[in-house]
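Residues per chain, in single letters:
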Amino acid sequence: MPGALWPRFVLMAVCVVAAAADLAALLAESVPPSPLMTSSRCRAMLFAAVRGPDANSKLATFLAYHDECVIPPNPLPVPPELAVLVVTGAGCLLLYALTPYVIILRRGLVRIDRMPELSRELSRLARTAGVRVRFLADPLNPGIGGLAFGHVGARRVVLNRGLLALARTDRPAFRAIVLHELAHVRGGDLDVSYLTVILWRVFVGVLLLPLLLLFHDKVDGVDRSPLGGAGFWGQLIALAAVVLLNHNAVLRERELFADVRAAHWNGSGKPLLAVLTAAETAQGGGERGASDRHTPWGWPRLRRLLAFHPVPAARRRAIADPAVALAPSVWQCFGVGLTIGLTWAPVLKKVSLGLAHLGVPPAMRSFPLEAMTALPAAVVPAGAVVTLGVWRTLLARQGPRPLARSQSFGVAVGAGMTAAGLLTDQDAFLGPYIFRLPLPTRVAWWGLLTLLSCACVLWTALAALAWRPALRGSRSARIVSLLGSSLGAAVFGLVLSWAFSLRVEVDTLGLPPRAFLRRSLHGAAPLLSLFPGRTVTVTLLALLAAFPLAGLACAAVVRLRGRGGGGAG
């Protein structure tokens with residue numbers, strides 16, 4: 001089954017985009033206002049917009065159609081949001097290009113060419129893995145281990161001095177460790193892992209530290225910043241936590257996938273299990289791991305969550321039963337919902353400001369357009385993490401009550417989006433929402449998000465269950481699961497686009513909770529209006545209905561073939 005490494009990386013990238021948007025907003029705020037912004041004309045229009053019973057609607061119209069009164073002049077040739085993103089992206093690409101050469105120079109790596117027998121063994125292992133790599137040696141590192149790194153077309157595997165010595169004393173353990181490193185190359189996780197580490201460093205060095213050091217005095221109160229005082233710091237801390245947890249999850253999950261692949265190539269997981277047991281015993285982790293299992297909460301579990309490498313017990317479980325170890329947890333889905341709630345509104349707001357800076361007329365900057373612009377970056381990768389987890393869980397496990405298990409993922413995503421709304425002040429400042437709604441209406445809004453998440457997960461689970469009998473033991477399982485996960489992610493993005501569009505409409509109209517829910521039940525029109533033309537909408541809905549039905553048909557064909565084969569035998 002495919003992993004969720006790249007979707008997790010994209011989630012990190014979305015969080016970085018949100019932080020970059022905050023930095024750009026603060027940079028733009030430091031620009032003195034134009035004379036037009038403080039003119040009597042703009043003040044008169046603003047005063048007229050906030051008076052009367054329909055003040056919400058008039059103020060929304062004023063903010064949408066009079067950018068010259070609310071957006072300060074841009075001294076840069078490009079929008080500030082784009083400038084910050086270009087600097088951040090250029091820094092990531094530069095670090096990615098230089099990282100392999102820095103590793104070679106810093107560690108003093110040398111080629112392995114004076115050991116003919118070892119070279120032949122390494123060539124056989126590379127052929128077993130189906131990869132072409134260049135093996136290097138680290139003569140200064142006494143540890144028993146290795147490292148895979150390098151760009152596309154120039155992959156390298158480093159063998160430490162202790163691992164080279166192990167080749168003479170314990171050849172099965174040596175093979176297991178080398179195959180594990182080669183599994184990183186074959187699995188294609190080198191690029192995503194190094195980009196993940198680079199993105200985390202850029203997030204801290206280029207975005208987080210400047211925000212803390214340069215603008216700490218600009219967001220100490222609601223009145224001094226459009227980002228909203230404590231809400232801004234709450235969002236920034238939550239974004240940093242999400243980026244860190246996704247960073248650690250990528251590094252841990254890639255190790256589990258490499259263990260599973262290496263054990264499969266080796267024909268048995270016993271050599272790698274022996275290596276893990278020896279490492280755990282050397283670190284004194286056996287007794288500690290046993291005691292941690294009886295501790296539901298506390299530092300041991302937090303340490304596992306913050307660790308870059310999985311604990312040996314988790315790696316043993318992955319080798320013994322990949323389906324159990326690699327299935328997502330409810331807390332991971334909670335983090336996905338938290339990411340959506342923290343990043344959707346800021347990204348949409350910055351898309352709107354970016355379109356304004358580019359000179360797009362207000363009449364063309366409709367919310368559906370902005371939603372569809374930000375959708376691929378914000379919600380689709382988040383939905384892909386959840387839907388991939390649902391497909392992996394339901395295809396690989398035959399446990400009881402699969403739908404109930406999958407629905408817990410949807411509830412966790414909704415709870416994460418609710419927690420994001422509680423942590424930050426985005427209702428009033430960070431998102432495309434002008435006013436703070438009353439608490440009952442916000443509770444109804446969060447409940448609607450949770451119901452929509454459960455509905456998306458339910459469709460994904462039903463599709464996976466429909467295809468499961470036909471894909472058992474089939475080579476097409478990977479392709480079908482990728483297709484189903486992609487459709488599920490598209491459903492996530494489509495439904496949440498409608499939900500956020502409805503949220504803006506309710507915000508403008510100022511509806512109470514009961515009217516909000518009533519309008520939600522009759523709100524299919526905004527969903528269909530996201531697409532230009534009825535043909536696209538009908539085609540998409542037909543595809544969503546046809547995909548599970550195709551799985552049922554294939555499962556029926558497989559059952560008929562099985563009965564025919566049994567009768568012939």
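Cut-offs applied
- Residues numbered from 1 in each chain as written.
- Predicted model: local features only at pLDDT ≥ 70, side-chain atom pairs only at ≥ 80, totals over all residues.
- Heavy atoms only, no water.
- Helix = DSSP H or I, 4+ residues; strand = E, 2+ residues; numbered from the N terminus.
- Buried < 20%, exposed > 50% of the residue type's maximum accessible area, 1.4 Å probe, protein only.
- Contact = heavy atoms within 4.5 Å.
- Areas by Shrake-Rupley, 256 points an atom, 1.4 Å probe, with all protein chains shown as cover.
- Axes fitted to C-alpha atoms, helices over the stretch in contact; angles between N-to-C directions.
- Parallel < 35°, antiparallel > 145°, perpendicular 65-115°, else oblique.
- Left-handed = near helix turned anticlockwise from the far one by under 90°.
- Nonpolar A, V, L, I, M, F, W, Y, C, P; charged D, E, K, R; others polar.
- Salt bridge = Lys/Arg side-chain N within 4 Å of Asp/Glu carboxyl O.
- Pairing = 2+ DSSP bridges.
- Expected span 1.5 Å × (residues − 1).
- Core = buried A, V, L, I, M, F, W, Y, C linked by side-chain atoms within 4.5 Å.
- Phe/Tyr/Trp six-rings, centres within 6.5 Å; stacked < 30°, edge-to-face > 60°.

*Asks:* In this structure, what is going on with the overall build of the protein? I would like to understand it.
*Replies:* Summing up its helical and strand segments, the protein has 22 helices and 4 strands in all. Looking at the protein as a whole, 50% of its 569 residues are labelled buried. Once local pairs closer than 6 in sequence are excluded, the contacts in the protein between residues at least 24 apart make up 79%. Summed over its atoms, the accessible surface of the protein is roughly 26900 Å², and 66% of this surface lies on carbon and sulfur atoms.

*Asks:* Explain the packing of helix 4 (residues 80-107) against helix 8 (residues 190-214) here, please?
*Replies:* A pair of packed helices is characterised by two quantities: the angle between their axes and the separation of those axes. At a closest axis distance of 9 Å, the pairing of helix 4 and helix 8 adopts a crossing angle of 125°. Between helix 4 and helix 8, the crossing angle belongs to the class labelled oblique. The two elements helix 4 and helix 8 cross, and the hand of that crossing is right-handed. Here Val-84, Thr-88, Gly-91, Cys-92, Leu-95, Tyr-96, Thr-99 and Ile-103 of helix 4 come into contact with helix 8, specifically with Asp-191, Tyr-194, Leu-195, Ile-198, Leu-199, Val-202, Val-206 and Leu-207. Taken together, the residues of the contact of helix 4 with helix 8 sort by class into 12 nonpolar, 3 polar and 1 charged.

*Asks:* How should the pattern of salt bridges be read in this particular structure?
*Replies:* Once the charged atoms of two side chains with opposite charge are near each other, the side chains can pair. Within this structure, the stated rule accounts for 10 salt bridges. The partner of Arg-8 in a salt bridge is Glu-253, with the nearest N and O atoms 3.3 Å apart. With Arg-8 in helix 1 (residues 5-29) and Glu-253 in helix 9 (residues 229-266), this pair connects stretches of sequence that are 245 residues apart. On the accessibility criterion, Arg-8 (5% relative accessible area) is buried. Its salt-bridge partner being Arg-107, residue Asp-138 comes within 2.8 Å of it at the nearest N-O pair.

*Asks:* Sorry, what's going on with the environment of Ala-545 here?
*Replies:* Examined against the element boundaries, Ala-545 turns out to sit in helix 22 (residues 534-568). For Ala-545 and Ala-463, which are 82 residues apart along the polypeptide, the C-alpha to C-alpha distance reads 9.4 Å.

*Asks:* Just to check I follow, could you spell out the sheet that holds strand 2 (residues 134-138) for this structure?
*Replies:* By definition, the strands of a sheet pair up through backbone hydrogen bonds, in either a parallel or an antiparallel sense. The sheet built from 4 strands is open, its strands ordered 1-2-4-3 with mixed pairing. Only two strands of the sheet have a single neighbouring strand rather than two, namely strand 1 (110-111) and strand 3 (146-151). Where strand 3 lies against strand 4 (residues 154-160), 6 bridges are found, and the strand directions are antiparallel. Within strand 4, the residue paired with His-151 across the bridge is Ala-154. Sitting on the sheet, helix 4 touches strand 2, strand 3 and strand 4, and the angle it makes with strand 3 is about 140°.

*Asks:* Would you explain helix 7 (residues 171-187) in this entry?
*Replies:* Spacing of three or four residues puts side chains on the same side of an α-helix, whose turn is 3.6 residues. With 17 residues, helix 7 extends 24 Å from end C-alpha to end C-alpha; this agrees with the ideal 24 Å at 1.5 Å per step. Within the sequence span of helix 7, burial applies to Ala-173, Phe-174, Ala-176, Ile-177, Val-178, Leu-179, His-180, Glu-181, Leu-182, Ala-183, His-184 and Val-185. The positive-phi residue at the C-terminal boundary of helix 7 is Gly-188, with phi of around 70°.

*Asks:* Would you mind showing me how to read the nonpolar core here?
*Replies:* The nonpolar side chains of soluble globular proteins are, as a tendency, buried together. By size, the foremost hydrophobic cluster in this structure holds 40 residues, and its most contacted members are Ile-340, Val-386, Trp-391, Phe-492 and Phe-547. The greatest single-element share of this core, amounting to 13 residues, is contributed by helix 18 (residues 439-471). Beyond its immediate stretch of four places on either side in the chain, Phe-547 contacts Trp-391, Trp-459, Ala-463, Trp-467, Val-480, Leu-483, Gly-484 and Leu-487. With 35 residues, the next largest nonpolar core counts Leu-109, Phe-135, Val-157 and Leu-190 among its residues.

*Asks:* Quick question: what am I supposed to make of the packing of aromatic side chains here?
*Replies:* For any pair of aromatic rings, the description consists of the separation of the ring centres together with the inter-plane angle of the planes. Under the defined criterion, the tally for this structure stands at 4 aromatic pairs. An aromatic cluster is present here, built from Trp-391, Trp-459, Trp-467 and Phe-547 joined pairwise through their rings.

*Asks:* What am I meant to see in the environment of Ala-499 here?
*Replies:* Mapped onto the elements of the fold, Ala-499 is located in helix 19 (residues 477-509). Given a relative accessible area of 0%, Ala-499 falls into the buried group. It is 8.0 Å that separates the C-alpha atoms of Ala-499 and Leu-448, two residues lying 51 residues apart in sequence. Each residue touching Ala-499, except ones within four places of it in the same chain, is listed here: Trp-445, Leu-449 and Leu-452.

*Asks:* Looking at this model, I keep getting lost on the packing of helix 6 (residues 161-169) against helix 7. Mind explaining?
*Replies:* With their axes 6 Å apart at the nearest point, helix 6 and helix 7 run at an angle of 140° to one another. For the element pair helix 6 / helix 7, the angle class is oblique. Residue-level inspection shows Leu-163, Leu-166, Ala-167 and Thr-169 of helix 6 in contact with helix 7, the latter providing Arg-171, Ala-173, Phe-174, Ile-177 and Val-178. Of the residues assigned to the contact of helix 6 with helix 7, the class counts are 7 nonpolar, 1 polar and 1 charged.

*Asks:* Quick question: what am I supposed to make of the pairing of strand 4 here?
*Replies:* Each regular strand shows side chains that alternate between the opposite faces of the sheet. In terms of burial, strand 4 is largely enclosed, as 6 of its 7 residues are buried. As paired elements, strand 2 and strand 4 share 5 bridges and run parallel to each other. Bridge pairing in strand 4 links Arg-134 to Arg-156. Counting the residues in the hairpin turn of strand 3 and strand 4 gives 2 residues, including Gly-153, whose phi is positive at 85°.

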